[in-house]
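Here's the letter readout for the chains.
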Amino acid sequence: KKLRSKERREFSLNVRELAIYVRHRDPRVTAYKSEQIKQEKRKREEQEARKLAAEEAKKAARIAAREEEERRWEEDRLRRAQERVAQGLPEESSEEEEEVTRLYHCEPCNKSFKSENQFNSHEKSKKHKDTVKK
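A. Here's a closer look at unusual backbone geometry. Residues other than glycine seldom take positive phi values, yet Asn110 does so here, at roughly 55°. Counting through the fold element by element, Asn110 comes out in the loop between strand E1 (104–106) and strand E2 (111–113). Owing to a relative accessible area of 60%, Asn110 belongs among the exposed residues under this scheme.

Here it is as structure tokens:
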């Protein structure tokens with residue numbers, strides 16, 4: 001029995017080696033392998049092209065969104081200026097607008113606030129109280 005299983009293993013091994021040898025020599029197999037390599041290369045190139053196109057699209061979308069936002073800000077600024085002129089008020093300069101936004105300032109903490117509520121909240125905070133005590 002041992003002899004038979006040993007012979008069977010040897011035979012199977014010989015058949016496998018023969019199949020590998022024939023596979024390496026067969027022109028159909030080599031043609032198939034080269035075709036697969038070409039397809040993989042083509043797929044990689046397509047993926048890279050799609051990736052680049054997606055990045056370019058994202059970049060273009062970001063630029064378009066930024067331009068749209070700038071356009072809206074400009075329209076809003078012009079609209080506010082026209083409203084002020086229609087009401088008979090002098091036009092605001094950008095410096096005056098900046099001063100309005102930094103109306104509330106805490107000297108001991110050296111912090112600026114855009115609204116009175118923020119400033120009041122800051123005055124009630126522990127950090128502000130500790131700074132004032134010093």
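We are not done yet, so read on.
B. Just the packing of aromatic side chains, in detail. In total, this model carries 2 aromatic pairs according to the counting rule given. Arranged with centres 6.1 Å apart and planes meeting at 25°, the rings of Tyr104 and Phe119 form a pair that is stacked. Here Phe119 lies in helix H4 (residues 116–124) and Tyr104 lies in strand E1, a separation of 15 residues in the sequence. Each residue in the set Tyr104, Phe113 and Phe119 is aromatic and connected to the rest through ring pairs, giving one cluster.

C. Structural context of helix H2 (residues 27–86). The end-to-end C-alpha distance of H2 is 87 Å, a good match for the 88 Å that 60 residues give at a rise of 1.5 Å each. Remark: Gly88 follows H2 within two positions and exhibits a positive phi of approximately 85°.

D. Here's a closer look at a positive patch on the surface. Taken together, Lys58, Lys59, Arg62 and Arg66 make up a surface patch of like positive charges. Relative to the elements of secondary structure, Lys58 occurs in helix H2. Take Lys58: its relative accessible area is 55%, and that puts it in the exposed class.

Cut-offs and rules
- Numbering of residues begins from 1 in every chain and follows the order in which that chain's sequence is written.
- In keeping with the predicted nature of the model, local features appear solely for residues at pLDDT of at least 70, side-chain atom pairs appear and are counted solely at 80 or more, and the whole-chain, interface and lining totals rest on all residues.
- Each side-chain value is worked out from all heavy atoms of the structure, with water and hydrogens disregarded.
- Numbered from the N terminus, helices here are DSSP runs of H or I no shorter than four residues, and strands are runs of E no shorter than two.
- Only protein chains enter the calculation, and the probe is 1.4 Å; a residue is then buried if its accessible area is under 20% of its type maximum, exposed if over 50%, and partly exposed in between.
- Only Phe, Tyr and Trp rings take part, Trp by its six-membered ring, and two of them pair if their centres are within 6.5 Å. Stacked means planes under 30 degrees apart, edge-to-face means over 60, and tilted covers everything else.
- Each residue after the first adds 1.5 Å to the expected span of a helix.
- Residues enter patches when they are more than 30% accessible in relative terms and free of salt bridges; like-charged ones are connected within 9 Å and nonpolar ones (Val, Leu, Ile, Met, Phe, Trp, Tyr) within 5 Å.
- In short, Shrake-Rupley with a 1.4 Å probe defines the accessible areas, and a residue's cover is counted only from the protein chains shown.
- Salt bridges, as used here, are contacts in which a Lys or Arg side-chain nitrogen is within 4 Å of a carboxyl oxygen on Asp or Glu.
- Note that His is not counted, nor are the chain ends; the positive residues are Lys and Arg, and the negative ones are Asp and Glu.
- Each charge is placed at NZ for Lys, CZ for Arg, CG for Asp and CD for Glu.

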